[in-house]
Amino acid sequence: MKENIVNFLRKIFPFLTVIFLWRLAAPFWNPGGILALIPIFFCTFIRPTPWFMPFGLLFCFLIDYNLNTLCYWTAIYCLCYAINGFQIFVDLRDMDYNAIDIFMIFIGVGIFLSEIIHLNWTVFGRMVWTFAWITTLYLPITNFIRTVGHDR
């Protein structure tokens, strides 16, 4: 019985992480719950988790709702999911450092394209801060997900 509960908690941990990071939204540290993109990206592309794609799609939509963007992150997520489905050259599961370089491209392009319309020094500073903060937290969060799931 105890093993069943532990296995259940291991399986739902990535889902709970997304919910927690999305609810932890704060204007400076986590605008719109954007930190939830870390486990969404990781559990969809790097460590594929069953039933995570529809869940990630829902939470990308909720991040868009919080940020007042019209399906922006949802569209980027779907585009990356489609590109990942068609590509056969790079296996993201075997990359070093939980594929942080691919995540940096994903989040960097997304942040840059969302802020380029209103570019001034304040927006540029916020864009750089958000990118640096999200990429700094990527490895601790993904390593924690791997540790809890015993996926090493």
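Computed from a predicted structure; not experimentally measured. Sequence order as written defines residue numbering, which begins from 1 separately in each chain. For this predicted model, a pLDDT threshold of at least 70 governs which residues receive local features, and a threshold of 80 or more governs which side-chain atom pairs are given and counted, while totals over whole chains, interfaces and linings are taken from all residues. Processing note: side-chain calculations cover all non-hydrogen atoms of the structure and skip hydrogens and water entirely.

Regarding the packing of helix α1 (residues 2-23) against helix α2 (residues 37-46)
Okay, step 1: Axes, fitted as lines to C-alpha atoms, cover a helix only where it is in contact. Angles between the N-to-C directions of the axes lie from 0 to 180 degrees. Secondary structure elements follow DSSP: runs of H or I of four or more residues count as helices, runs of E of two or more count as strands, with numbering from the N terminus. Relative orientation of the contacting elements α1 and α2 amounts to 155°, with a least axis distance of 8 Å. One way to sum up the angle between α1 and α2 is to call them roughly antiparallel. Taken as a pair, α1 and α2 cross one another with a handedness that is left-handed. Of α2, the residues touching α1 (which contributes Pro-14, Thr-17, Val-18 and Leu-21) are Pro-39, Ile-40 and Cys-43.
Okay, step 2: For this classification, the nonpolar set comprises Ala, Val, Leu, Ile, Met, Phe, Trp, Tyr, Cys and Pro, the charged set comprises Asp, Glu, Lys and Arg, and every other residue, Gly included, is treated as polar. Among the residues forming the contact of α1 with α2, the class breakdown is six nonpolar, one polar and no charged. Small angles under 35 degrees read as roughly parallel and large ones over 145 as roughly antiparallel, with 65 to 115 read as roughly perpendicular and the rest as oblique. Less than a right angle of anticlockwise turn of the near helix away from the far helix marks a crossing as left-handed, whereas a clockwise turn marks it as right-handed. By the convention used here, residues are in contact when the closest approach between their heavy atoms is within 4.5 Å.

Description of the state of the cysteines
Okay, step 1: Cysteine sulfur pairs qualify as disulfides if the two atoms are within 2.5 Å. Inspection of every chain in the model, using the stated rule, returns zero disulfides.
Okay, step 2: Not engaged in a disulfide, the cysteine Cys-78 finds its nearest cysteine sulfur in Cys-60; these two sulfurs lie 7.6 Å apart.

Here we look at the environment of Phe-15
Okay, step 1: Mapping Phe-15 onto the fold places it in helix α1.
Okay, step 2: Residues Phe-15 and Ile-107 lie 92 residues apart in sequence; the distance between their C-alpha atoms is 20 Å.
Okay, step 3: Once residues lying within four places of it in the same chain are set aside, the contact partners of Phe-15 are Thr-49, Pro-50, Trp-51, Phe-52 and Phe-55.

Things to note about the nonpolar core
What tends to happen in soluble globular proteins is that the nonpolar side chains get buried as a cluster.
Okay, step 1: Residue types Ala, Val, Leu, Ile, Met, Phe, Trp, Tyr and Cys, when buried and joined through side-chain atoms within 4.5 Å, form a set referred to as a nonpolar core. Accessible area is worked out with a 1.4 Å probe on protein chains only. A residue is then buried under 20% of its type maximum, exposed over 50%, and partly exposed in between. Core analysis: the largest hydrophobic core is formed by 37 residues, its most contacted members being Ile-40 and Trp-73.
Okay, step 2: Every element with two or more residues in this core is listed here: α1, α2, α3 (52-67), α4 (72-86), α5 (100-115) and α6 (121-148).
Okay, step 3: The contacts of Trp-73, once residues within four sequence positions are left out, are Ile-34, Leu-37, Cys-60, Ile-63, Asp-64, Leu-67, Phe-106, Ile-107, Gly-110 and Ile-111.

Some remarks on the pattern of salt bridges
Okay, step 1: What makes a salt bridge here is a side-chain nitrogen of Lys or Arg within 4 Å of a carboxyl oxygen of Asp or Glu, nothing more. Scanning the model with the defined rule gives one salt bridge in all.
Okay, step 2: In this structure, Arg-126 engages Glu-115 in a salt bridge whose closest nitrogen and oxygen atoms are separated by 3.4 Å. Separated by 11 residues along the polypeptide, Arg-126 in helix α6 and Glu-115 in helix α5 bring together distant segments of the chain.
Okay, step 3: For Glu-115, a relative accessible area of 19% corresponds to the buried category.

Remarks on the packing of aromatic side chains
Okay, step 1: To pair, rings of Phe, Tyr and Trp, with the six-membered ring standing in for Trp, must have centres within 6.5 Å; the planes then decide the type, stacked if under 30 degrees apart, edge-to-face if over 60, and tilted in the middle. Tallied over the full model, the rule gives 22 aromatic pairs.
Okay, step 2: Ring plane angle 15° and centroid distance 4.4 Å describe the contact between Phe-103 and Tyr-138, whose orientation is recorded as stacked. Highlighted residues: Phe-103 in helix α5 and Tyr-138 in helix α6, separated in sequence by 35 residues. Both residues of the pair, Phe-103 and Tyr-138, belong to the buried class.
Okay, step 3: By the ring-pair criterion, three or more aromatic residues cluster together here, those being Phe-41, Phe-45, Tyr-72, Trp-73, Tyr-77, Tyr-81, Phe-103, Phe-106 and Tyr-138.

Observations regarding unusual backbone geometry
Okay, step 1: One non-glycine residue, Trp-51, lies in positive phi territory at about 65°.
Okay, step 2: Along the chain, Trp-51 falls in the loop between α2 and α3.
Okay, step 3: Backbone geometry places Cys-71, a non-glycine residue, at a positive phi of 60°.
Okay, step 4: Within the secondary structure layout, Cys-71 lies in the loop between α3 and α4.
Okay, step 5: Residue classification places Cys-71 among the partly exposed residues on the basis of a relative accessible area of 33%.

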